[in-house]
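# Per-entry structural report
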Amino acid sequence: MKFYIATDHAGYAVKAYIKALITDRGHEIIDLGPDSADRVDYPDFGRKCAEAVAADGGSFGIVVCGTGIGISMAANKVPSIRAALCHDAYTAAMARAHNNAQILAFGERVVGKGVIESMIDAFIGTAFEGGRHADRVAKIEA
Ligand code: RB5
């Protein structure tokens, strides 16, 4: 799988940990910034990740801010993108199984490293179920 990742300053500290998790599992991850913990605006980085995923069919994204709320809101403004704000392995799995989310969003100030690892494994390891869920996702698109 190919991932893009972007954060704001409040998600920056955990970014290296996430990148290592993804590469350890044999997947690719492209860092879209920021390159330091200097203060930035989460809409800029949510948009950057969402536009990269939208332009690269079959790719996925991870966005992190303090709560995950603002950066997921921003990512969801990009047409065709479904960014899911998750809090645990269950929500991360359902984001793939039922919502066909391409982007996993969470808050660095909300979840710890163990939960992050479980969310990433659930997101990677769960396929979209299609069927009735595809009809519902099509309604979101419409
Ligand atoms: C930054 O202080 C914080 O507002 C941001 O990271 C995020 O939590 C917004 O939704």
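Refer to the structure printed above.
Residues numbered from 1 in each chain as written. Predicted model: local features only at pLDDT ≥ 70, side-chain atom pairs only at ≥ 80, totals over all residues. Heavy atoms only, no water.

### A word on the pairing of strand β2 (residues 28-31)
Of the strand pairs in this sheet, strand β1 (residues 2-7) and β2 are connected by four bridges, and their pairing is parallel. Residue pairing in the sheet places Phe-3 in a bridge with Ile-29 of β2. With helix α1 (residues 15-24) bridging β1 and the parallel β2, this β-α-β connection has right-handed handedness. (Pairing = 2+ DSSP bridges. Helix = DSSP H or I, 4+ residues; strand = E, 2+ residues; numbered from the N terminus. Right-handed = clockwise from strand over helix to strand, strands pointing away.)

### Structural notes on the side chain of Asp-8
Along the chain, Asp-8 turns up in the loop between β1 and α1. With near-sequence residues (within four places) excluded, Asp-8 lies in contact with Pro-34, Val-40, Tyr-42, Val-64, Cys-65, Gly-66 and Ile-71. (Contact = heavy atoms within 4.5 Å.)

### Some points on the nonpolar core
Counting residues in each nonpolar core, the largest one holds 25 residues, and the members touching the most others are Ile-18, Ile-62, Phe-106, Ile-116 and Ile-120. For this core, the secondary-structure elements that each account for two or more residues are β1, α1, β3 (60-65), α4 (89-97), β5 (103-107) and α5 (113-125). What Phe-106 contacts, discounting residues up to four positions off in sequence, is Ile-18, Ile-62, Val-63, Val-64, Cys-65, Thr-67, Gly-68, Leu-85, Cys-86, Val-111, Ile-116 and Met-119. (Core = buried A, V, L, I, M, F, W, Y, C linked by side-chain atoms within 4.5 Å. Buried < 20%, exposed > 50% of the residue type's maximum accessible area, 1.4 Å probe, protein only.)

### A look at unusual backbone geometry
Residue Pro-34 is reached from Gly-33 by a cis peptide bond, and omega for that bond is 0°. Topologically, Pro-34 is positioned in the loop between β2 and α2 (42-55). The backbone of Ser-80 shows a phi angle near 80°, a positive value even though the residue is not glycine. Tracing the backbone through its elements, the reader meets Ser-80 in the loop between α3 (69-75) and β4 (83-85). In this structure Ser-80 comes out as partly exposed when scored by relative accessible area, which is 34%. With phi around 50°, Asn-100 is a residue other than glycine that occupies positive phi space. Relative to the elements of secondary structure, Asn-100 occurs in the loop between α4 and β5. For Asn-100, a relative accessible area of 21% corresponds to the partly exposed category.

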